[in-house]
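So the chains spell out like this:
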Amino acid sequence: MSGNGSNGTGFIGASLKRKEDARFLTGRGRYTDDINLPGQLYAHLLRSTVAHANLGSVDTSAAEAAPGVQAVFTGPDMEDVGGIPTGWLIHSKDGSPMVEPKHPAMAIGKVRHVGEIVAIVVAETRDQAREAAALIDIDYQELPAAASLEAARADGAPLVWDEAAGNLCYDWEVGDRAAAEAAIDGAAHTVSIDVVNQRLVPNAIEPRAAIGNFDPTTGEYTLYTTSQNPHLIRLLLGAFVLGLPEHKLRIVAPDVGGGFGSKIPHYAEEAILTWTAGRLARPVKWTSDRSEAFVSDTQGRDHISTATLGFDEDGRFVGLKVSTQANLGAYLSTFATCVPTYLYGILFAGPYTTPAIYCEVEGVFTNTVPVDALRGAGRPEATYLLERLVDKAAAATGIDRVDIRRRNFIREFPYQTPVALQYDQGDYDATLDLALEASDWDGFEARRNEAASRGKLRGIGISTFIEACGIAPSAVVGSLGARAGLYEVGSVRVHPTGSVSVFTGTHSHGQGHETTFAQIVAETLGVDFEAVDVVHGDTNAIPFGMGTYGSRSLAVGGTAIYNAVQKVIAKGRKIAAHLLEASEEDIEFADGNFTVAGTDRSKSIGEVALTAYVPHNYPEGLEPGLEETAFYDPLNFTFPAGTHVAEVEVDPETGEVELVAVTGADDVGRIINPMIVNGQLHGGLAHGIGQALLEHCEYDDEGQLVTGSYMNYTMPRAGDLPNFNINHNTTHCTHNPLGVKGVGEVGSIGVPPAVINAVVDALSPLGVTHMEMPATSERVWQAIQAAQAQD
Amino acid sequence: MDDFQYHAPSSVDGVLSALRGADDGKVLAGGMSLLPVMKLAMAAPSDLVSLRNVPGLSDIEDHGHCLKIGACCTHAQVAASSVVRERIPALAAMAGRIGDPQVRNRGTIGGSVAHNDPAADYPAACVGLGATIITDRRKISSDDFFGSMFETPLEDDELVTAVCFPIVDGAAYAKFENPASKYAVAGVMVARDSDGVRVAVTGAGAGVFRVAEMEAALADDFSADAVAGISVSSDGLLSDNVAGAEYRAHLVTVMAKRAVEACG
Ligand SMILES: Cc1cc2nc3c(=O)[nH]c(=O)nc-3n(C[C@H](O)[C@H](O)[C@H](O)COP(=O)(O)OP(=O)(O)OC[C@H]3O[C@@H](n4cnc5c(N)ncnc54)[C@H](O)[C@@H]3O)c2cc1C
């Protein structure tokens, strides 16, 4: 289908094949580790093997003398540079700012988690650097570790930071506590739940890598890095850490093999590699291996929560109160502090009209790898808790699970929730109806009976959810503590012969922007899809940008591009009016042609572009050229929503859970490329199913990572997944011109509670009412044993 | 991984002399167990002596009363072999469920038995079927060969050349996999022939073991019900993030039942 749109229906809405796949599928992608610069050296980062210790002597002399070694640096060598910054300042209930300890690039005096960087060894080859690093003698004076939320909040717990009493970073709240408590106290019924949202390892397929380079003739630093947001890295690294002005610091994030949030943060490695390249005036490359990634990429989730929902005789929710402890890890990663607050607490209305909601969150330091955004970032945690609680409410009252959801749906928009968000649009009944139909919800009893005849316990589960994507607007997030804006930038350069280069401040690391954004430009500018190329990932090529995360790229970045196209059209209209000797107001633009209204006299965008660059016959006072940039700061988040249904079969003898069906009915806003949208849904569903059934990042009491490889950290594989039954019902976002919302995180937000609700449903005949994630065979077996022991 | 010398001799004698000439030499077969151990720096052999050029180690021969499987036969080869599938289908099925396709196409039977990983499948197949391990200098019965984890009676310079599996009246293997690695959490091989019944368990303990009580019960009454009430003690069983000892003990009984059922 490539090349000529979609049978005359236009480029928007067509499942065009992805432009980027030609290089990805033929091994021609250019990732950071594929780049080699002349004179390049290799770095090995020596990492702490213990979770908590005072650093005694660090003897690097033998390493410095080892073959090929050019330099060895440790924390004190970089003491003068700034700490690795945090992107969001959270205030506690009492108005005090969070505890924000300095985060040195390499450990100084103390190590606080396994994997923390203690030294960098730079040598002519990677092997030389690694072998020399093994010669460094470190005197770890071990301290007891606070390796979990429970351990860190216990009385007398070891302190990760002396300045953080009780290991508390902040104690935050949102909503009206008094109102929520009063509503719950006065409610006809209440249900409560304790849930753990387990820690996950992001596991992007490409491990992180970085190359620092310094040109002594210009004083310019270049950092190639595996980042989702190169301009953000330039801002943080330049302004906060190394004190470099923007024009002397170039960040290139070339092809990047997945991120899932773990490539948002500004990492210490980026600062160390850039600084080291400056010291040595030679390029220095570091590439993580998988084992290293397990202890150095930021991890996700890790909450413990308790919550109570009050509801009336008819099952209408009247009040919700949530108390959560969120593990932040040992250091504050870039968005560590906002993920469990402003991306979590504000989601608790879900699709329901609950009038009084309160959420409080303790952000807790532990001696573990830092936690940051992971696909969904806060919203999966909130959705999971809420949808488990709603199922519990249904069980407690005997109201049908679907019915209790429907009784509480929001139907009037815009809807102001009690926890800050205002939903612009949605139709939750439509996606629910679609999911019930597509999953044959009503026919389930027959399937349950058939499974029983095979000795299997079959269960069905549902979750109805909303999410919030494209976090905005900048002024509001700024007032809540964000240290950056959340707008996006798009530039559209129409070349003299009518082909187009599009520059976006978002970054594509698997999402297919090069295709989707080209479709938008091809359609709105009336040029061929093949005539449009999208450029991203280089701060020297792109005006500015905030990057890709939180399902923002299309809604914010795509809109910026759309707005830039409108500016191009506006200028083109002036040029066309001049060429056609008509007045500007009489020029209509459609399908790539500027036409004098009511006539057949027209100029194509190509002719207009050529005129703009060869301005011999040109409007007086108008600048030559046809290139426009737009900065777009949205008025609001977008609010995708949907219903997910999961069906499982449990083997009661072994506790094994087989996921036999997953149905999604999603409202992700206007769809530009259905194939890419479904691909994003599939990936998100796999991710969410991984959390529900398989993945669990575990530390022991000493803070050693127990699940540090694929031999014991279970990633979802194709064989673990059923065919996904994906359906769409679309409502358009009301505040961006494309009507788009977001899709990248939907699956990982919506599906975990559907799966767990299905497991609990399967086990409910035995009296099981609760199941933690992941619902491993052993856990399920134990739940069955416990339930049987009670009988 | 530290540096090592690589050798690829073209005869068994060449392998043995290369091993004897090395400070700390190791045989390299598929590398699926040895290389991960070297990567983690838990082993750092001075020399690796590859079997890839030694002829005759990848043959599968039908000797009437037994199948002789060359040490370098890969798991994929055993799984796909028409002789094995016909003569000892339980063995072919077992090999076809080892790890993943990459592992099955590299890993070998010789490497698996020599390594004696407590979660590997071949030890249960060998002990359950009553196989004999053949080396360059002797024959060792499976019951004597497989010690506690990673222990075997092999000398440092001794090469496994083949494994002989007797043809039995019926056998089946039931395995509960580690969801991440696909190794056995509990794998039970049940085999029945005129001498009686053998029940061998891998994955659950510190090494493969037989369950005498189940064997006796099955000799009397070869049915799943006969073993349903027999459980192994969880004392001394392995415990990890996937399965605690109690759960493993439970799984041994369930897998034994399923293996008996599959024997038909
Ligand atoms: C991801 C993964 C999953 C796996 N899953 C399973 C599973 O489900 N079930 C299972 O059983 N196994 C599993 N394995 C292990 C796999 O089956 C290996 O192939 C096997 O354990 C070793 O065989 P190899 O040929 O690779 O031996 P190598 O790794 O080459 O050698 C292993 C050891 O045996 C020695 N050795 C090799 N050949 C000989 C010989 N002929 N004589 C004497 N010594 C020899 C070597 O010196 C070394 O010490 C898995 C491995 C991986 C990496």
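Residues numbered from 1 in each chain as written. Chains lettered and ligands numbered in written order. Predicted model: local features only at pLDDT ≥ 70, side-chain atom pairs only at ≥ 80, totals over all residues. Heavy atoms only, no water.

(A) Expanded view of the overall build of chain A. The helix and strand tally for chain A stands at 19 helices and 28 strands. With the C-alpha coordinates aligned to their principal axes, the bounding extent of chain A is approximately 90 × 75 × 50 Å. Counting the 791 residues in chain A, one finds 62% classified as buried. Within chain A, contacts between residues at least 6 apart in sequence are counted, and of these 79% link residues at least 24 apart. Each charge class in chain A was averaged separately, 55 positive and 100 negative side chains, and the resulting centres sit 3 Å apart. (Helix = DSSP H or I, 4+ residues; strand = E, 2+ residues; numbered from the N terminus. Buried < 20%, exposed > 50% of the residue type's maximum accessible area, 1.4 Å probe, protein only. Contact = heavy atoms within 4.5 Å. Lys, Arg positive; Asp, Glu negative; His and termini not counted. Charge placed at Lys NZ, Arg CZ, Asp CG, Glu CD.)

(B) Examining the packing of helix α9 (residues 379-397) of chain A against helix α10 (residues 401-408) of chain A more closely. Residue and element names in this part refer to chain A. In contact at an axis separation of 9 Å, α9 and α10 are set at 115° when each is read in the N-to-C sense. On the basis of their axis angle, the class for α9 and α10 is roughly perpendicular. As for the relative orientation of α9 and α10, their crossing is right-handed in sense. Only Arg-401, Ile-404 and Arg-405 of α10 make contact with α9, whose side of the interface consists of Glu-387, Val-390, Asp-391, Ala-393, Ala-394 and Thr-397. Considered class by class, the residues forming the contact of α9 with α10 number 4 nonpolar, 1 polar and 4 charged. (Axes fitted to C-alpha atoms, helices over the stretch in contact; angles between N-to-C directions. Parallel < 35°, antiparallel > 145°, perpendicular 65-115°, else oblique. Left-handed = near helix turned anticlockwise from the far one by under 90°. Nonpolar A, V, L, I, M, F, W, Y, C, P; charged D, E, K, R; others polar.)

(C) Just the domain arrangement of chain A, in detail. Residues and elements named next belong to chain A. On domain assignment, one finds that chain A holds domain 1 (203-297), domain 2 (424-468 + 642-700 + 711-791) and domain 3 (487-632). For domain 2 versus domain 3, the separation of C-alpha centres amounts to 41 Å. Listed per partner, the contact involves 14 residues of domain 2 and 16 residues of domain 3. Summing both sides of the interface, domain 2 and domain 3 together bury roughly 1,200 Å²; the carbon and sulfur share of this comes to 59%. The largest per-residue losses of area from domain 2 upon contact with domain 3 belong to Ile-672, Pro-737 and Leu-738, which jointly make up 40% of the total buried on that side. Our count for the contact surface shared by domain 2 and domain 3 stands at 0 salt bridges. Where domain 2 meets domain 3, there are 4 residue pairs in polar contact (both at pLDDT 80 or more). (Domains from an automatic or database assignment. Buried area = accessible area lost by both parts, 1.4 Å probe. Salt bridge = Lys/Arg side-chain N within 4 Å of Asp/Glu carboxyl O. Polar contact = N/O pair within 3.5 Å; in protein donor to acceptor, adjacent residues only side chain to side chain.)

(D) Spatial organisation of the confidence of the model for chain A. Residues at a pLDDT of 70 or more form 99% of chain A, whose mean pLDDT is 96. Note that residues 1-9 of chain A has pLDDT below 50 and, in this model, 11 contacts with residues that lie over four places away or in other chains. (pLDDT = per-residue confidence, 0-100.)

(E) Molecular detail of the sheet that holds strand β12 (residues 209-210) of chain B. Residue and element names in this part refer to chain B. Spatial strand order, β9-β10-β11-β12: 4 strands in an open sheet with antiparallel pairing. Of all the strands in the sheet, just β9 (170-177) and β12 have a single pairing partner and so form its edges. Note that β9 and strand β10 (residues 184-193) share 8 bridges and pair antiparallel. Counted as the bridge partner of Phe-176 is Ala-186 from β10. In the packing of helix α10 (residues 212-220) onto the sheet, the strands contacted are β10, β11 (196-202) and β12, and the crossing angle to β11 comes to about 150°. (Pairing = 2+ DSSP bridges.)

(F) Up close: the packing of aromatic side chains. Residue and element names in this part refer to chain A. Overall, the coordinates contain 25 aromatic pairs over all chains when judged by the stated rule. Between Trp-161 and Tyr-331, the ring centres sit 5.3 Å apart and the planes meet at 80°, which makes this aromatic pair edge-to-face. A residue pair is termed long-range when its members are at least 10 positions apart, and Trp-161 in the loop between α4 (149-153) and β7 (168-175) and Tyr-331 in the loop between β14 (317-329) and β15 (356-365) qualify at 170 residues. Exposure remark for Tyr-331: the relative accessible area of 2% places this residue in the buried category. (Phe/Tyr/Trp six-rings, centres within 6.5 Å; stacked < 30°, edge-to-face > 60°.)

(G) Representation of the interface of chain B and chain A. Chain B puts 21 residues into the contact, and the matching count from chain A is 17 residues. Taken together, the two surfaces of chain B and chain A that pack against each other cover about 1,700 Å², and 46% of this comes from carbon and sulfur. Taken as a group, B:Ala180, B:Asn241 and B:Tyr247 account for 33% of the area that chain B buries against chain A, more than any other trio of residues on that side. Put simply, chain B and chain A have 3 salt bridges between them.

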